[in-house]
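# Notes for the structure review
Residues per chain are reported as follows:
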Amino acid sequence: MAESTPVADPATTVPSDEEIARAEKFSHETFVHAGEDPAEALAAGSARRRALDWALYELNEGRKVPSEKWRRKWSLLLGLERVLSEDEPKLADGTTLNPHQVDALSGTLAALLTEAQKGTETVDEQHASEIAPVLAVEEELVLEDDPELADIEDLEELDEDEPEPEPTDEEIDLEAAAAAADEEQLEEQAEDPNAHKRFWFEHATGAGKTVAAMGFVDASRTGGVLILTHRRNLVDQFNDELKTRGYSKRISRPLLEGEADKANGPVTVETYQWFVRNAGKISSAYTVVICDEAHTALGEKTAAAIREWTGPVFIGMTATGALIARHVTDLFPTQTSRFDLAQAARRGVIAPLRCVRIPPGPGVRTIAKVPLRRGEVDVEFDQELLAELLDQLPFNLAIADLYKTRFGGVPGVVYAAGVRHAYNVAEAFRDVGLKAMAVSGETPKRELAKILADYEKGKIDVLVNAQLLAEGWNSPRATVCMHLAPTASKRIYQQRVGRVTRRQPGKEAGIVVDFVHPATKHDDPAITLHSLLDRDVYRGGAIVVGPVRRGRGRRVRVERRVVPVTADEDRRIEVFERELWRIAVEHLDYGEQVQWAALAGARVAPSGWRRARAMLHFDREGALKRAFLLTAVQRNKNPQLRIRALQEIAASRDPEAFSLAIDEIGAWPREDRREGTKVMLQALAEKRIGRRDQANQWIWQLASYTSELHEEYAVQRWPETKRLLGLLVNSSGQAHARNARRLVHASRTQDRRLSAAILAAARAHTPEAEEVLRGARTRLARKPGALSRELLRNFPKRGRRGKRKRGGKKGAGEAQAAATNTEAVAATAVAEGADGSENGDGPQQPRSKRSRSRNRRSRAKRAAEAAAAAEGGEATVETAPAEELPPSVKRSRRPRAKAKVETDAVAETTEDTPAEKPTPARKPRTRKPAAPKTATDGDAPAAKKKPATRSRAKKKPVDDEAAVAAVAAAADLLHGARSDAPSGADEQDAA
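Residues numbered from 1 in each chain as written. Predicted model: local features only at pLDDT ≥ 70, side-chain atom pairs only at ≥ 80, totals over all residues. Heavy atoms only, no water.

If you check an unreviewed UniProt entry, the protein chain appears there as DEAD/DEAH box helicase family protein from Svornostia abyssi.

Below, the structure is given as structure tokens:
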């Protein structure tokens, strides 16, 4: 180890308070902060202790101010510790630093401390190191100082006139190999030895990078600070900021080499052009160099000048460090803080951002064909071709009218494609009544300053420019950022957006207008706000980044539906899963539209059916609706929706969709399969769908799904069907084919309905039998509509529940029921008297034993009920006057004469019939029988009914005295109830 100096020997002991006070007065910095223990703060080997020892060493040498070496080494480090030691770090004017600004200072301090801890040299060795000057860029070598090099130069001058021999192929190969070896050796060498002293931090535009720079100025009290920026107007802005923050006394003119050394911390603001022009002549009094918009320092000459100056600490600050092709880390390796646009908006440091996408017109859709040009920093569209494409009078007028309609007098900034385009757009804005002005690099400085001042005062609402106001111009009043000329550079885009991110009272959010299609993905060359922030969905007018504040001066209308814009397939699938019913389907690609329709059909609920159909309103050809309906039939879990989808498929009369739907019905449960088959058969019965052969195939396929219904009907109608179907099922080979032909032959003798039911219930196991059944079915299906109707008749009908009438008293209801029963019994008696025989009382044909027993039981039951009803209501009806009769008797719609004739007919029939063989009672029909006609010529009673046309035997009279007595009692009761007719009518009825 090197020998320690006399000052370094007592390093293990804590310096006295007097020594610490002398060092603090000498360096204008604090070595022990409030609340710290000197033993811990000045521990041996710590950075602060080493700075203290070096300051004491220079004091012992008799220095009045710290040397340039000490200032470059320790001034910024100690100053940052001092600033950050406070609970709330503040500037000279009392401005409190925000957390992200404190992060930039603390990150730089941590990097400096890490580098300081690596040093192991003693104070003498540190003091002996030389200060590295600023070297000129592309500096030429001076050969006169070296005699050997001068001789070589003379020899080269003498040999200029002599022709050089052409190198051989071997020499060329050797030279190429030597050049490659030299390149490898150069790559292995350290090209950037001062990289550990260059840092950078990224803060969003409007987040206060300038205030963070003032924090570094406050930290460096003795060391000079050089602030570099890329435009002259920004120099004036920085100087104004220094005066505002309380550092006006430290502002200094540019210091060059050879001028008097100043240890009072001078601050100079200059441009990068001045820095490159004066490289090698800048004073070493500057210990800190702050590079504003560090991405603009990546040019070859500027970067070379920065790398060559190894003395000061470089601090770069930018808002777009990671958004350019040549990254900032190439020049500034260590990043100390990051506070991007999204973080700043979420924390409320900058204004939230809304986005509106406007599709370009037909004449601007060719913008994708504009080639890209690679510049020094990033890639951009060819500006000349872009201006030629966009600078059209109709387009400019449309943009002006759009701005006036959407935003009115809201202040904003418009970025055009070139200077001439900017002036043409501004003129179009003024033509529609907007206060707009165009500015460019050609605008005189005084005029430019006046225009910007008028914009701040509200005399101008819209500023149109090409790229002048993309960087370095700050106006909290700006609210709308319109990208009339798209850009392929994320850096330029974010710089443009940064003009509307500054907060102001009454400003709800910044509005960004992108002239792209709403469904533009992130992989498109034109940058959008969503691709910049990597958002998955676009929703017109909604907040893209930042907190949502409802009801606070929103300037645009927010759309309800969203569009996926991410280019990642997995993330797009997640958007479909999450936002299925909010997606604007019309903006998707055709393939994704089909996918959405299929997914919606599988997941639609009964409450969302109409909404799902409405979302496909743009589908003129019907392909998407067909995909939606088919998927609902195939995958939807709701049976009602599956039936509804079948109905709409049938209504569309699409043969392909109809066929696919029929195939899906076969896999449904039994009840659902019956309902679906019924729907499809009904559609085939009502309208023509597809060709006749297709309809034939569909009908019999549907009939096979419900074969048990048709078999049940066929067996009930013709019992022989069961035997024939059994023979067909239980046979095989040639016998199976013979049974199939036998079944077909038997079905031909039946009517269409029974024949269709038999063929629908048949099942063939061999090709020959299948061919036999197919031929019979084809012959029967010559009229698909008629065949469908016949098969539909075999389905069970749904029962209808009658609605129970409310109101009415219990007694009135019973009286009405009794009267109704009386009328039904009387009508039955009249009908039975008419059906007794064709000529009055002729013999009847005997019926089957089963039919006779069934009719006997039913008639006995009905007679007993009628008798009970007659006995219960007889007294009441006989004694009650006509006004108090039940409504069914009192308010009869039939004429009294006809009722009298009906009563007499009942009585006459009863008298003519022998008591031993009374007329059998029949089951009353559901409808009222027609009143019998009055006899005119003394013929048989007119109430005789036409005998039934059934071919089976007539009814045989039943020997039942109770039934006859009940009929007679009912007739008498009805006759007494209606006996209030005039005497003239009675005489006429008797005649």
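## Regarding the overall build of the protein chain
A tally of regular secondary structure across the protein chain gives 39 helices and 17 strands. When burial is assessed residue by residue, the protein chain has 47% of its 991 residues classed as buried. Across the protein chain, every contact between residues at least 6 apart in sequence was considered, and the portion connecting residues at least 24 apart equals 75%. On the protein chain, roughly 53100 Å² of surface is accessible, and the fraction owed to carbon and sulfur atoms is 49%. (Helix = DSSP H or I, 4+ residues; strand = E, 2+ residues; numbered from the N terminus. Buried < 20%, exposed > 50% of the residue type's maximum accessible area, 1.4 Å probe, protein only. Contact = heavy atoms within 4.5 Å. Areas by Shrake-Rupley, 256 points an atom, 1.4 Å probe, with all protein chains shown as cover.)

## Remarks on the sheet that holds strand 6 (residues 334-339)
A sheet is described by the order of its strands in space; here six strands give the open sequence 3-2-4-5-1-6, paired in parallel fashion. A strand with exactly one partner marks an edge of an open sheet, and here the two such strands are strand 3 (267-271) and strand 6. Neighbour-to-neighbour, the strand axes of the sheet open up by a mean angle of 20°, direction not taken into account. Pairing between strand 2 (residues 224-229) and strand 3: five bridges, direction parallel. What sits directly across from V225, in strand 3, is V267. Of the strands in this sheet, strand 1 (198-203), strand 5 (313-318) and strand 6 are in contact with helix 5 (residues 99-118), which crosses strand 6 at around 165°. Against the sheet, helix 10 (residues 232-244) touches strand 2, strand 3, strand 4 (286-292) and strand 5, its axis set at about 165° to strand 3. (Pairing = 2+ DSSP bridges. Axes fitted to C-alpha atoms, helices over the stretch in contact; angles between N-to-C directions.)

## Some words on the sheet that holds strand 13 (residues 480-483)
Strand pairing in a sheet takes place through backbone hydrogen bonds and is either antiparallel or parallel in direction. Strand order in the open sheet formed by seven strands is 11-12-10-13-14-7-16, and the pairing between neighbours is mixed. Strands at the two margins of the open sheet, each flanked by one partner only, are strand 11 (436-438) and strand 16 (543-545). The sheet shows a mean angle of 25° between the axes of neighbouring strands, direction not considered. Examined bridge by bridge, strand 7 (residues 353-357) and strand 14 (residues 510-514) share five bridges and lie parallel to one another. Counterpart to R357 in the pairing with strand 14 is D514. This element, helix 15 (residues 393-406), spans strand 7, strand 10 (412-415), strand 12 (462-465) and strand 13 of the sheet and lies at about 155° to strand 13. Contacts from helix 17 (residues 445-457) reach strand 10, strand 11 and strand 12 within the one sheet, and its direction differs from that of strand 12 by about 145°.

## Focus on a negative patch on the surface
A contiguous patch of negative charge on the surface is contributed by D568, E569, D570 and E574. With respect to the element layout, D570 can be found in helix 20 (residues 569-578). (Patch = residues over 30% accessible without salt bridge, like charges linked within 9 Å, V, L, I, M, F, W, Y side chains within 5 Å. Salt bridge = Lys/Arg side-chain N within 4 Å of Asp/Glu carboxyl O. Lys, Arg positive; Asp, Glu negative; His and termini not counted. Charge placed at Lys NZ, Arg CZ, Asp CG, Glu CD.)

## Topic: the pattern of salt bridges
Under the criterion given, the structure shown has 36 salt bridges. For E577, the salt bridge identified is with R603, shortest N-O distance 2.7 Å. Of this pair, E577 sits in helix 20 while R603 sits in helix 21 (residues 590-603), and the two are 26 residues apart along the sequence. Under the relative-accessibility criterion, E577 is labelled partly exposed at 42%. Given the relative accessible area of 40%, R603 is considered partly exposed. With a closest N to O distance of 3.4 Å, R793 and E790 form a salt bridge.

## Quick notes on the nonpolar core
If you look at the biggest cluster of nonpolar residues, it comprises 76 residues, and the most contacted ones within it are W596, F628, L646, F658 and M680. With residues up to four places along the chain from it excluded, the contact list for L646 reads V633, A661, I665, W668, G676, V679 and M680. Among the nonpolar cores identified, the runner-up in size contains 51 residues, and F31, W54, L56 and A213 belong to it. (Core = buried A, V, L, I, M, F, W, Y, C linked by side-chain atoms within 4.5 Å.)

## Digging into the packing of helix 26 (residues 670-686) against helix 27 (residues 692-705)
In helix packing, the relevant descriptors are the interaxial angle and the interaxial distance, both defined with respect to the helix axes. Relative to each other, helix 26 and helix 27 sit at 155°, their axes nearing to 9 Å. Of the possible angle classes, the one that applies to helix 26 and helix 27 is roughly antiparallel. Between helix 26 and helix 27 lies a crossing of left-handed hand. Together, R673, T677, M680, L681 and L684 of helix 26 and A695, W698, I699, L702 and Y705 of helix 27 make up the contact between the two elements. A per-class count over the contact of helix 26 with helix 27 returns eight nonpolar, one polar and one charged. (Parallel < 35°, antiparallel > 145°, perpendicular 65-115°, else oblique. Left-handed = near helix turned anticlockwise from the far one by under 90°. Nonpolar A, V, L, I, M, F, W, Y, C, P; charged D, E, K, R; others polar.)

## Overview of helix 12 (residues 300-308)
Within helix 12, burial applies to T302, A303, A305 and I306. Projected down its long axis, helix 12 shows its buried positions confined to an angular sector of 160°, all on one face. Exposed side of helix 12, more than 90 degrees from the buried face: E300 and K301 are the residues found there. (Arc of directions from axis to C-beta.)

## Side note on unusual backbone geometry
You will see that H28, though not glycine, has its phi angle at about 60°, which is positive. Tracing the sequence through the fold places H28 in the loop between helix 1 (17-27) and helix 2 (38-41). A positive phi angle, near 60°, is found at R653, a position not held by glycine. Examined against the element boundaries, R653 turns out to sit in the loop between helix 24 (639-652) and helix 25 (655-665). On the basis of relative accessibility, which here comes to 44%, the residue R653 falls in the partly exposed class.

## A word on helix 4 (residues 68-84)
Here helix 4 is 17 residues long and its end C-alpha atoms lie 24 Å apart, about the 24 Å a rise of 1.5 Å per residue gives. Maximal helix bending in helix 4 amounts to about 45°, located at W74. Within helix 4, 14 of the 17 residues are buried, which leaves the element mostly enclosed by the surrounding structure. (Expected span 1.5 Å × (residues − 1). Bend = angle between axes of the 7 residues up to and from the residue.)

## Brief notes about the packing of helix 24 against helix 26
In the contact formed by helix 24 and helix 26, the axes pass within 9 Å of each other and the chain directions differ by 15°. Relative to helix 26, the element helix 24 lies roughly parallel. Between helix 24 and helix 26 lies a crossing whose hand is right-handed. When helix 24 is examined against helix 26, the residues P639, R642, I643, L646, Q647 and A650 are found in contact with a partner set consisting of D672, E675, G676, V679, M680 and A683. Taken together, the residues that form the contact of helix 24 with helix 26 break down as seven nonpolar, two polar and three charged.

## Focus on the packing of aromatic side chains
The relative placement of two aromatic rings is captured by the distance of their centres and the angle of their planes. Enumeration over the complete set of coordinates arrives at 10 aromatic pairs. Their ring planes at 50° and their centres at 5.0 Å tell us that F658 and W698 sit as a pair that is tilted. Here F658, found in helix 25, pairs with W698, found in helix 27; they are 40 residues apart in sequence, far enough to count as distant. Each member of the pair, F658 as well as W698, is classed as buried. Taken together, F275, W309 and F314 form an aromatic cluster joined through their ring pairs. It is K73 that lies over the ring of W74; its NZ or CZ is 5.7 Å from the centre. The ring of W668 has R642 lying over it, and the distance from NZ or CZ to the ring centre is 5.0 Å. (Phe/Tyr/Trp six-rings, centres within 6.5 Å; stacked < 30°, edge-to-face > 60°. Lys NZ or Arg CZ within 6 Å of the ring centre and 35° of its normal.)

## Focus: the pairing of strand 3
Where burial is concerned, most of strand 3 is hidden: five out of the five residues are buried. Here strand 3 shows two buried faces, one formed by V267, V269 and T271 and the other by T268 and E270.

## Comments concerning the pairing of strand 2
Summarising burial for strand 2: six of the six residues are buried, a large majority. Taking every second residue as pointing to the same face, both faces of strand 2 are buried, with G224, L226 and L228 on one and V225, I227 and T229 on the other. As paired strands, strand 2 and strand 4 are joined by five bridges and run parallel to one another. Each residue of the ladder has a partner; that of L226, found in strand 4, is V289.

## Quick look at the confidence of the model for the protein chain
Residues of the protein chain with pLDDT of at least 70 account for 70%, and the chain-wide mean is 77. Segment residues 801-805: pLDDT under 50, and zero contacts once partners within four positions in sequence are set aside and those in other chains are kept. Note on residues 807-849: pLDDT under 50 across the span, and 65 contacts to partners over four residues away in sequence or across chains. (pLDDT = per-residue confidence, 0-100.)

## Considering the environment of I689
Among the secondary structure elements, I689 is positioned in the loop between helix 26 and helix 27. Between the C-alpha atoms of I689 and F658, which are 31 residues apart in sequence, the distance is 8.4 Å. When sequence neighbours within four positions are dropped, the list of residues in contact with I689 reads A650, R653, F658, A683, L684, A695 and W698.

## With respect to the side chain of D218
Along the polypeptide, D218 turns up in helix 9 (residues 209-219). Assessed through its relative accessible area of 13%, D218 is described here as buried. Only 2.8 Å separates the side chain of D218 from the side chain of Y247, close enough to count as a polar contact. (Polar contact = N/O pair within 3.5 Å; in protein donor to acceptor, adjacent residues only side chain to side chain.)

## Description of the environment of N465
Within the secondary structure, N465 is located in strand 12. Judged by its relative accessible area of 0%, N465 is buried. With 27 residues separating them in the primary sequence, N465 and A438 have C-alpha atoms 5.7 Å apart. Setting aside its immediate chain neighbours within four residues, N465 contacts V413, V414, Y415, A416, A422, V439 and A470. Reaching out from N465, the side chain makes a polar contact with the backbone nitrogen of L469 at a distance of 3.1 Å.

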